[in-house]
Structures are given as structure tokens and as C-alpha cells.
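The chain contents come next:
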Amino acid sequence: VSGGVESVITLNSIKNFQNSSAQRLPINNFPSNIIINENKKLIAMWQDQTIKIWRLKDKQHDNSEDNEDENNDSITNNTKKLVAKLTLSDEDNIISCSISENGRYLVVSRLSSIKLFELIDLGKKLQVLKVSSKLLENSGAKLIKFNETKKLIVMITPDNLIKSVN
């Protein structure tokens, strides 16, 4: 087995290495680490153990000091504001996140555990409070989502099982 810069794993037979045809297995090395909550105009991005949440500003109705320059359409300057940053204490990397439709809850999954947080809107910032759940903390997931209609958290476990918690 070998790999290289082309993001493909190549398998060859050892017995007949010179004459065997290689099997190529592509790797999806660009997993999404961004989620958008359209109802509350939130964007969350995670990397390693840190999650940052921004709120999109409505330029038409926002007369704050951040929007003095009407000619500047840059998303980095005028249309978003960092409202929360959360860094988890253990070393496991975050695999998946989801924000509930109403923007009240954030669920964070790693292969070893899942954490649930309540997001309290304080206007300019979001206060992040941990919600204790032994059921979630004792399981991990490689993908996690809120199902608003059934009021469930749906996950795919590291063993590729689909589970849900309400």
C-alpha cells in the first residue's frame, strides 16, 4: 500500500508486484468543517478542538460602527462578527458539529464522545453552556445532525451504525 500527493491510496499484490495492476482508492481529504444556520444567520467552523461561531450581519439594517464604510463589501470586515469561540479541553479532534434550527443548541462529536451545548443569545455574543448528558458523552460519532421534526439528535457511530437520541 502506498500513498502520495495525489490523494490516492494504491494497492499492489506483493506476489506479482511487477505485473499486477494497481487498485486505486481515492480519498476525500476535504471534509466539510463549516455549518450554516440560516434561521439565526450563524456560521460555525471547527478545526482540531476549537469551534468558532459567527453571526452574519444584515447590512441594510445594521448601523453600527463596524459598518461605517458603505463601499466595502468584504465579508471579512462588514458582514460577519465572531460571537462565540469554544475550545474543548481534551486532545480528540472534532469530527462533526450541528446547530439546532432555532439556534439554541450546538452538538459536537468526536470519535470518542459527543458534547451538547446551549447557546444563549446575549445580543453581541453567544454564551455557551455545557448540557450534561451521560448518554451522549459515552458514545462517539463521525457525523451528527439535529432532526427538528422528530426532535432528535441523529448520529453515525464510528462503527457505521445509525443511532438517535431525543
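As a starting point, this report considers the structure included with it. For every chain, the first residue of the written sequence is number 1, and numbering continues from 1 onward in sequence order. Only residues with pLDDT of at least 70 are given local features in this predicted model, and only at 80 or more are side-chain atom pairs given and counted; all residues enter the totals for whole chains, interfaces and linings. Excluded from the side-chain calculation are hydrogens and water; included are all heavy atoms of the structure.

Turning our eyes to something else, we now look at unusual backbone geometry. Although it is not a glycine, Asp-48 sits at a positive phi angle of roughly 55 degrees. Counting from the N terminus, the helices are DSSP H or I runs at least four residues long and the strands are E runs at least two residues long. Within the element layout of this structure, Asp-48 appears in the loop between strand 5 (42–47) and strand 6 (50–56). Residue classification places Asp-48 among the partly exposed positions, given a relative accessible area of 43%. For Asn-160, which is not glycine, the phi dihedral falls at a positive 65 degrees. Within the element layout of this structure, Asn-160 appears in the loop between strand 13 (152–156) and strand 14 (162–165). A simple rule labels every residue: compare its accessible area, found with a 1.4 Å probe on the protein chains alone, to the largest value its type can have, and call it buried under 20%, exposed over 50%, or partly exposed in between.

As a further point, take the side chain of Thr-157. Summarising the element assignment, Thr-157 is placed in the loop between strand 13 and strand 14. For Thr-157, a relative accessible area of 7% corresponds to the buried category. The contact criterion used throughout is that any non-hydrogen atoms of two residues lie within 4.5 Å. If we ignore the near neighbours within four places in the chain, the residues touching Thr-157 are Gly-140, Ala-141, Lys-142 and Lys-163.

What follows deals with the sheet that holds strand 12 (residues 143–147). Strand pairing follows a simple DSSP-based rule, namely that at least 2 bridges must link the two strands. If you walk across this open sheet you meet the three strands as 12-13-14, and the pairing is antiparallel. The outermost strands of the open sheet, each flanked by one partner alone, are strand 12 and strand 14. For this sheet the average axis-to-axis angle between neighbouring strands, irrespective of direction, equals 20 degrees. The sheet contact formed by strand 13 and strand 14 spans four bridges and is antiparallel. Paired with Ile-153 across the two strands is Val-165, which belongs to strand 14. In this analysis an axis means a line fitted to C-alpha atoms, helices contributing only their contacting stretch, and an angle means the value between N-to-C directions, from 0 to 180 degrees.

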